[in-house]
Amino acid sequence: MPHTVVYSNQAPAPIGPYSQAIQAGATVYVSGQIALDSVTGQVVGGGDVAQETNQVMRNLQAVLQAAGLTLRDVVKCSIFVKDLGNFGLINEIYGSYFTPDYAPARETVEVSRLPKDVQVEISCVAVAG
Ligand SMILES: C=C(N)C(=O)O
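Cut-off values and rules
- Residues numbered from 1 in each chain as written.
- Predicted model: local features only at pLDDT ≥ 70, side-chain atom pairs only at ≥ 80, totals over all residues.
- Heavy atoms only, no water.
- Buried < 20%, exposed > 50% of the residue type's maximum accessible area, 1.4 Å probe, protein only.
- Helix = DSSP H or I, 4+ residues; strand = E, 2+ residues; numbered from the N terminus.
- Arc of directions from axis to C-beta.
- Contact = heavy atoms within 4.5 Å.
- Expected span 1.5 Å × (residues − 1).
- Polar contact = N/O pair within 3.5 Å; in protein donor to acceptor, adjacent residues only side chain to side chain.
- Near = heavy atom within 4 Å.
- Areas by Shrake-Rupley, 256 points an atom, 1.4 Å probe, with all protein chains shown as cover.
- Nonpolar A, V, L, I, M, F, W, Y, C, P; charged D, E, K, R; others polar.

Visitor: Sorry if this is basic, but what is going on with helix α2 (residues 87-96) here?
Guide: The α-helix advances 3.6 residues per turn, and as a result positions three or four apart in sequence lie on the same side. What α2 keeps buried is the set Ile90, Ile93 and Tyr94. Across the axial projection of α2, the buried residues extend over an arc of 100 degrees, all falling on one side. Exposed residues on α2 whose side chains face more than 90 degrees from its buried face are Glu92 and Ser96. The inward-facing, buried residues of α2 contact α1 (49-66), β4 (74-81), β5 (105-110) and β6 (120-127).

Now the structure itself:
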């Protein structure tokens, strides 16, 4: 196997044919996280964007931790949202997980639908060292 599969039992198990993350050399590619609870596998938040965004960020942290990394090591995020009307709220919560001196590169796009009909999905790329 050319690259390393990253797995955390503190993050939701994949809900399809993908890994939580793949480590390729010093780079870790974290799959899109949605607001799934790692224990129940159920969506949390009941459609509340703030709760979903916090759960997504916690899931990203858990997967990164399994690779020995933190959000500080993230170089790029991709945010997929159901409604760009929530851009401000998502930004506020997302931004609170980073320090004022460092925010990764990013794009945010509105999409018609997301897995499990959630409001937000975020993936990231992190580099060790
Ligand atoms: C939730 C996902 N990352 C997926 O279905 O690809």
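The structure having been displayed, the exposition proceeds.
Visitor: What is the right way to read α1 from this model?
Guide: In this model, α1 (18 residues) spans 26 Å end to end at C-alpha, consistent with the 26 Å of a helix rising 1.5 Å per residue. Summarising the contacts, the buried residues of α1 are in contact with β1 (4-6), β2 (21-24), β3 (27-33), β4, α2 and β6. The N-cap residue of α1 is Asp48: its side-chain oxygen and the backbone nitrogen of Ala50 are 3.2 Å apart.

Visitor: How should the site of the ligand be read in this particular structure?
Guide: Residues in close proximity to the ligand include Tyr18, Gly32, Pro115 and Glu121, which together make up its full environment. At a separation of 2.9 Å, a nitrogen atom of the ligand approaches a polar backbone atom of Gly32. With respect to the ligand, the side chain of Glu121 contributes an N or O atom lying 3.4 Å from a nitrogen atom. In isolation the ligand offers 210 Å² of accessible surface; the protein chains occlude 73% of this area. Here the shell around the ligand is composed, by residue class, of two nonpolar, one polar and one charged.

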